[in-house]
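Close look at the chain arrangement
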Amino acid sequence: MASKRHQDECGKREKKKKQKRREETAELSSVVEDELAKSAVKEAWSRASRCSLGDLELDCHPFPHCVIKNFLGSDTFVENLQRELLGLNFHEKSNDLYKFKQSDDLRKRTEPHIAGLRAALFGPFRSWLGDVLGVKLEPTVDISCAKYEYTDVLLCHDDELEGRRVAFILYLVPPWQSSDGGTLDLYATDGNFQPQSISKSLVPSWNTLVLFEVSPVSFHQVSEVLSQDKCRLSLSGWFHGPSLERPPRHVEPPVPRSPHLPRDETLLLEWVNPIYLDISYQEQIQEEFEDSSEIQLKDFLKEEKFREVGEALRLSQIQWTRRGPPNQRCYEVASLDMPHDMPQCVSACWELLRSESFFLLLSNFTGLRLHYLCPADDDDDDDENKNEEKEKEEQQNTGDEDAPGSSTESPSANANRDKELSTPVCCGELRRWSHGGYTLLHDGEAARAEYALDLVLPFGCADWQTEFGGFTSYVANEEDEELLTVYPEDNSLALVYRDKETLKFVKHVNHKSPSDSAGSSTCRAFYDFSFVYYE
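Residues numbered from 1 in each chain as written. Predicted model: local features only at pLDDT ≥ 70, side-chain atom pairs only at ≥ 80, totals over all residues. Heavy atoms only, no water.

1. Notes on helix H9 (residues 344-354)
Residue pairs three or four apart in sequence face the same way in an α-helix, which turns once every 3.6 residues. Within H9, 9 of the 11 residues are buried, leaving the element largely enclosed by the surrounding structure. Three or more residues of H9 are buried, namely Cys345, Val346, Ser347, Ala348, Cys349, Trp350, Leu352, Leu353 and Arg354. On the buried face of H9, the contacting elements are helix H6 (266-271), helix H8 (303-315), helix H10 (356-366), strand S17 (425-433), strand S19 (452-459) and strand S24 (526-534). (Buried < 20%, exposed > 50% of the residue type's maximum accessible area, 1.4 Å probe, protein only. Helix = DSSP H or I, 4+ residues; strand = E, 2+ residues; numbered from the N terminus. Contact = heavy atoms within 4.5 Å.)

Quick look at the structure:
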């Protein structure tokens, strides 16, 4: 009897547990249920005009987006939904584009309020949205939860991916002001469909749904969260359907490259720490560089020269220009086209890094052929000679040596001669990094990747910390694997050789970066000369 009673009690508890896990019904805003309101929104969307109906507002500038306040009808449901979401496991997400915490995919979660919201979003609301847009939206469920906390950010992007038609975000945040950061910023675009500047910022608010059509111009970002004690909790995902037609992607013109400036070794003697001009030490550096394809040469410039340039960068009235577009980069560059506006010591440092003697010095550091005086690699020459001999033997055996269109010079010999005749070139920038600066990986960069030697020489970062950002990360193309991180360090010359499968980005400089002075709200900047050299 006791055993049967125990079984009955277990069965009742299990039944109660199942009842507790049942899906809760999510009631949507009355404006979504109103047929007249739906017709008005549909007409406004088709005309790309503005529409305001109580809690719903549609605006088509800078691109179509809709805001629905009080999206879920029950406050109790929203509070329970928030509680369930905060109980999920979150994973740190960080790369060139973003830094925040994200949950696993929510398409199969069984928590009653999560399941209820999912059913409402991808059931009746999907039907409503499909009617408004006049398109057939697929039943695909694409939804997750994100937590943005202090210094978290999602930089400028357009959300375009095969099948995505409408993006949505449901905010579950405490009282929020624009000064807390975390705004959804919408970008205006130029004639090449490239983002230019922020046209509109939407401040998150409790139980508010934002949605927008994914298109070639739907550039947006989540601005850095500046509040140290608030969590920007949101549910987001995409409704899937036929993608909008996309024009050919804009291709930036290549950055001009220049051969070396005709300057002799006097410049090196004037600027470079004497230890790096010692031939035996250069040989040690080359051995280390050839092992790892990277090296940092500390105290590279003479101390007085480094100090002079650093002070000039900080105090002089150099003309700085913001470089974009923001879906690829955001930092300031010095205008070097007008040397009369540049402090003499800064111009001289610029000339040093472009000089013939410096090209030769880099050749000695790296073993790369950046100067005609650089000794050839014996192993390469041996391989090329062997290939030439083998090709000559083959031609003699087949009797085709003098056949029409054939060459008496082997392809490897031609390639070797072309390499000897090629002129090493470089391109460079003088950059200023401050709060909000970054570079992003992008398709154009990957398509045009080539073998190159990167050089970075920083100034003004004596107390710079890793957590501020501003460091350079090297990653394998189309992979998450980080190959190398180069941190800004005063007067430390960083050299990195990369191949066609290696890309780089500078991590977003966040709000933790130090201010100019105590109590100042202005974040301090650091500077660097950034060059790329090609054999």
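2. A word on a negative patch on the surface
A cluster of acidic residues, Asp443, Glu478, Glu479, Asp480, Glu481, Asp499 and Glu501, forms a negative patch on the protein surface. Along the chain, glutamate 481 turns up in the loop between strand S20 (472-476) and strand S21 (482-486). Judged by relative accessible area, glutamate 481 falls into the partly exposed class, the value being 45%. (Patch = residues over 30% accessible without salt bridge, like charges linked within 9 Å, V, L, I, M, F, W, Y side chains within 5 Å. Areas by Shrake-Rupley, 256 points an atom, 1.4 Å probe, with all protein chains shown as cover. Salt bridge = Lys/Arg side-chain N within 4 Å of Asp/Glu carboxyl O. Lys, Arg positive; Asp, Glu negative; His and termini not counted. Charge placed at Lys NZ, Arg CZ, Asp CG, Glu CD.)

3. A short note on the layout of surface pockets
Empty space within the second largest pocket amounts to approximately 1400 Å³. Contributing to the lining of the second largest pocket are 50 residues, with Val255, Arg323, Tyr331, Cys427 and Glu429 lying nearest its centre. Here the lining of the second largest pocket is composed, by residue class, of 24 nonpolar, 11 polar and 15 charged. (1 Å grid on protein atoms, 1.4 Å probe; cavity = no way out; pocket = protein on both sides within 12 Å on 5 of 7 lines; lining within 4 Å. Points joined across faces, edges and corners; volume = space filled by probe spheres on them. Nonpolar A, V, L, I, M, F, W, Y, C, P; charged D, E, K, R; others polar.)

4. Quick look at the packing of aromatic side chains
For the coordinates displayed, the defined rule picks out 26 aromatic pairs. Taking the centre distance of 5.2 Å and the plane angle of 45° together, the rings of phenylalanine 168 and phenylalanine 239 count as tilted. With phenylalanine 168 in strand S8 (residues 164-171) and phenylalanine 239 in strand S13 (residues 232-240), this residue pair connects regions lying 71 residues apart in the sequence. Like phenylalanine 168, the residue phenylalanine 239 is buried in the burial classification. Judged by centre distance (5.7 Å) and plane angle (40°), the rings of tryptophan 320 and tyrosine 527 are tilted. Of the two residues, tryptophan 320 sits in strand S15 (residues 320-323) while tyrosine 527 sits in strand S24, which places them 207 residues apart along the sequence. Tyrosine 527 matches tryptophan 320 in its accessibility class, with the two residues each being buried. (Phe/Tyr/Trp six-rings, centres within 6.5 Å; stacked < 30°, edge-to-face > 60°.)

5. A word on the packing of H8 against H9
Packed helices, taken two at a time, are described by the angle between their axes plus the distance between the axes. Look at H8 against H9: their axes get within 8 Å of each other, and the N-to-C directions meet at 120°. In terms of their interaxial angle, H8 and H9 are classed as oblique. Of the two possible hands of crossing, H8 and H9 adopt the one that is left-handed. The segment H8 lies against H9, with Glu308, Val309, Ala312 and Leu313 engaging Cys345, Val346 and Cys349. Residue composition of the contact of H8 with H9, grouped by class: 6 nonpolar, no polar and 1 charged. (Axes fitted to C-alpha atoms, helices over the stretch in contact; angles between N-to-C directions. Parallel < 35°, antiparallel > 145°, perpendicular 65-115°, else oblique. Left-handed = near helix turned anticlockwise from the far one by under 90°.)

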